[in-house]
Amino acid sequence: MSDLTNLTLSDARQKLRNKDITAVELAEAHIDAMAQTKGLNAYILNTEEKAIKMAKASDAKLAKGEGGILEGIPVGVKDLFCTKDVRTTASSKILGDFTPTYESTVTANMWADGAVLLGKLNCDEFAMGSSNETSFFGAVVNPWQRQGDDAQLVPGGSSGGSASAVAARACIAATATDTGGSIRQPAAFTGTVGLKPTYGRCSRWGTVAFASSLDQAGPITRSVRDAAIMLESMASYDVKDSTSVNVAVPAYEKALTGDIKGLKIGIPKEFQVDGMPAEIQALWEQGIEWLKAAGAEIHQVSLPHTKYALPAYYIVAPAEASSNLARYDGVRYGLRVAGDNIDEQYSNSRAEGFGEEVQRRILIGTYVLSAGYYDAYYKKAQRVRTLIKQDFDKAYAKVDLMLTPTTPTAAFGIGENIGDPLTMYLNDIFTVSVNMAGLPGISIPAGISANGLPLGLQLIGKPFDEETLLRTADVMEQAANFTALPQLMAK
Amino acid sequence: MAIDQATVRKVANLARIRVSDEQVANLEGELNQILEFVEQLSEVNTDGVAPLTSAVEMTQPLRADVVNDGGYADQIVKNAPASDDGFFLVPKVIE
């Protein structure tokens, strides 16, 4: 592998500042890595000319000793973030060649800090999926393979392109979004770090909406330190998003002190689900040992409504999606399929523009919001959501953080679960309550499965306490010392 | 609360998604499977529990009631499949 594409963000930043390397060299190495890993289908748009231009501008700043916290760092952007004058599709046919005339707040923050755009990353259509198989642009391939088996595996989803590209060294870091696990689950499947911040930490303005009360942007990186640096850039208070919270953005990297002595870590007993594979259970116990060895206290906690988080999610998320996706009508942007009247034009455009999973979720959402069912489904789910949040509030009166596995299994094969929506939904069983309660969560690579695939552990934090979350994740990362590499990465 | 094919058609019409007969048959099964799964929420006693309105405790921000955006119709219609002079073009809606 190229020395340049194997650098972490923090190492690359140091080398750029020391003028050991230039931003253009770094961008060129990654453009080459993108070409080498084209078979992963992680990128759906290559912006290499723009990357070189941005890298040159970074070099000019760095030469003067100036530049932001991401100056000259080549990143990939999930194709859910609107990028000015750069095609944005949410991996859906219905957006066609939509080219925003504006920039999402998250990406605007990153460009202001000097990041370099390599391209737009594949994802599940409108972020609806757990395997990145629902994209109009085709499935993303996980750079990891099972031992002695070259079957193509999914990278997880919905931020599968982001996770695959970061793992394969086709970018240093990537933006992603998480509605029910879409940052943390793909991070676990690809041996990367995935951070979902507190709801309201990063602005949702200019990010294609899926379920507005759950959606949150965050980074996928190859180290906890890199996640801290990315979050510091991505997060901001934004008057253009009325759910953005006006809390100062800390210097997250400074939180990585390596000291978690006396920290109280909760182990939620309800995450001990029936039929959990022994290796996931063993990994979880290993995580507990690492934290104990670092001086943290372990406490059993109870989140009694855990088993209802996923069913409540599958009412709330489709309901909000059906409302958000009403805007795709073939009038203002994207695909238009003619009909005899305007209603037929709507129905034809939406039938041809949306894929199967998106249609399924819009229909479920429309049903649960329709007259006569609103109280029985939507309101009931929102009441259950209150109970889920209260469970966390009670637990956080006793502990600072919680530790759980990220996923119930390692990555599975492309095509293995796509025909069965419910089995697919179960992928998010450990991640979804975090979204329902609006909390921050992080997945770090913590071990290898019996068949050679990465497994992740998840830490869940208190609202707006990403600092404690990152500090603890950093300690666990050092203990785990995860050094395995995927088979299909750039050389 | 199982749904039948007539309900699938009704919901598809509300959502403005054209569905074929074959799709209706498949969707009937798939949607019922999902509804059966979410049915377990009925086990939860939610008497006196208020529905969650915001995942994070905050007061809704207010802004001054003034026009502070706009004046770029050309950008708004830039991605439209059909537009004319700053307006979206649609099939005739008034008979």
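Residues numbered from 1 in each chain as written. Chains lettered and ligands numbered in written order. Predicted model: local features only at pLDDT ≥ 70, side-chain atom pairs only at ≥ 80, totals over all residues. Heavy atoms only, no water.

## Re the packing of aromatic side chains
Residues and elements named next belong to chain A. Tallying each qualifying case throughout the model produces 17 aromatic pairs over all chains. Aromatic pair Trp144 and Phe482: ring centres 6.1 Å apart, planes at 55 degrees, arrangement tilted. On the criterion of sequence distance, the pair formed by Trp144 in the loop between strand 3 (116-121) and helix 5 (160-167) and Phe482 in the segment after helix 15 (466-480) is long-range, its members being 338 residues apart. Residue Trp144 is classed as buried on the basis of its relative accessible area of 3%. (Phe/Tyr/Trp six-rings, centres within 6.5 Å; stacked < 30°, edge-to-face > 60°. Helix = DSSP H or I, 4+ residues; strand = E, 2+ residues; numbered from the N terminus. Buried < 20%, exposed > 50% of the residue type's maximum accessible area, 1.4 Å probe, protein only.)

## Some points on the UniProt feature "active site" (unreviewed entry) in chain A
Residues and elements named next belong to chain A. Here the UniProt feature "active site" (unreviewed entry) sits at Lys78, Ser158 and Ser182. Over a stretch of 105 residues, the named residues converge on one spot in the fold, their C-alpha atoms separated by at most 11.3 Å. Examined against the element boundaries, Lys78 turns out to sit in strand 2 (residues 74-78). When its relative accessible area of 0% is taken as the criterion, Lys78 is described as buried. When near neighbours in sequence (up to four residues on either side) are disregarded, Lys78 contacts Lys120, Leu121, Cys123, Ala127, Ser158, Ser159, Ser162, Thr175, Ala176, Thr177 and Ser182. Mapped onto the elements, Ser182 comes out in the loop between strand 4 (173-178) and helix 6 (184-190). Excluding residues within four positions of it along the chain, Ser182 makes contact with Lys78, Ala127, Gly129, Gly157, Ser158, Ser159 and Thr177. Only 2.9 Å separates the side chain of Ser182 from the side chain of Ser158, close enough to count as a polar contact. (UniProt positions renumbered as here; feature names shortened; annotations may be inferred. Contact = heavy atoms within 4.5 Å. Polar contact = N/O pair within 3.5 Å; in protein donor to acceptor, adjacent residues only side chain to side chain.)

## As for helix 11 (residues 356-369) of chain A
Helix length check: helix 11 of chain A, at 14 residues, gives a terminal C-alpha distance of 20 Å against a target of 20 Å (1.5 Å per residue), a fit within 8%. Buried residues dominate helix 11 of chain A, accounting for twelve of its 14 residues. Burial in helix 11 of chain A covers these residues: Glu357(A), Val358(A), Gln359(A), Arg360(A), Arg361(A), Ile362(A), Leu363(A), Ile364(A), Gly365(A), Thr366(A), Tyr367(A) and Val368(A). Residues of helix 11 of chain A that are buried in the fold lie against helix 9 (309-324), helix 10 (342-353), helix 12 (374-395) and helix 13 (421-425) of chain A together with helix 1 (5-14) and helix 2 (21-38) of chain B. (Expected span 1.5 Å × (residues − 1).)

## Here's the deal with the pairing of strand 7 (residues 264-268) of chain A
Residues and elements named next belong to chain A. In terms of burial, strand 7 is a largely internal element, four of the five residues being buried. By the bridge criterion, five bridges tie strand 7 to strand 8 (residues 297-301) in an arrangement that is parallel. When the sheet's bridge partners are listed, Gly266 is paired in strand 8 with His299. (Pairing = 2+ DSSP bridges.)

## Some details on the side chain of Thr47(A)
Residues and elements named next belong to chain A. Mapped onto the secondary structure, Thr47 falls in the loop between strand 1 (43-46) and helix 3 (48-63). In this structure Thr47 comes out as buried when scored by relative accessible area, which is 7%. Each residue touching Thr47, except ones within four places of it in the same chain, is listed here: Val86, Leu117, Leu118 and Gly119.

## Quick word on the packing of helix 9 of chain A against helix 12 of chain A
Residues and elements named next belong to chain A. At a closest axis distance of 9 Å, the pairing of helix 9 and helix 12 adopts a crossing angle of 130 degrees. Between helix 9 and helix 12, the angle falls in the class oblique. Crossing geometry of helix 9 relative to helix 12 is assigned as left-handed. The segment helix 9 lies against helix 12, with Ala309, Ala312, Ile315, Val316, Ala319 and Glu320 engaging Tyr377, Tyr378, Ala381, Gln382, Val384, Arg385 and Ile388. Split by residue class, the contact of helix 9 with helix 12 holds ten nonpolar, one polar and two charged. (Axes fitted to C-alpha atoms, helices over the stretch in contact; angles between N-to-C directions. Parallel < 35°, antiparallel > 145°, perpendicular 65-115°, else oblique. Left-handed = near helix turned anticlockwise from the far one by under 90°. Nonpolar A, V, L, I, M, F, W, Y, C, P; charged D, E, K, R; others polar.)

## Describing the side chain of Arg87(A)
Residue and element names in this part refer to chain A. With respect to the helices and strands, the residue Arg87 is situated in the loop between strand 2 and helix 4 (105-112). A polar contact of 2.9 Å, which involves the side chain of Arg87, links it to the backbone oxygen of Ile44. Those residues in contact with Arg87 that lie beyond four places of it in its chain are Ile44, Leu45, Asp79, Gly96, Asp97, Phe98, Thr99, Lys120 and Phe137.

## Quick notes on the interface of chain A and chain B
The figure often quoted for interface size is the accessible area lost as the parts come together. With 67 residues of chain A in contact, the opposing surface of chain B contributes 48 residues. Across the chain A to chain B interface the summed buried area is about 5100 Å²; carbon plus sulfur atoms make up 68%. When the buried area of chain A at its contact with chain B is split by residue, Leu363(A), Tyr367(A) and Leu422(A) rank highest and sum to 12% of it. Where chain A meets chain B, there are three salt bridges. Here Lys307(A) and Glu43(B) are joined by a salt bridge, their closest N and O atoms 3.5 Å apart. Those elements that provide at least two residues to the side of chain A that touches chain B are helix 9, helix 10, helix 11, helix 12 and helix 13 of chain A. (Buried area = accessible area lost by both parts, 1.4 Å probe. Salt bridge = Lys/Arg side-chain N within 4 Å of Asp/Glu carboxyl O.)

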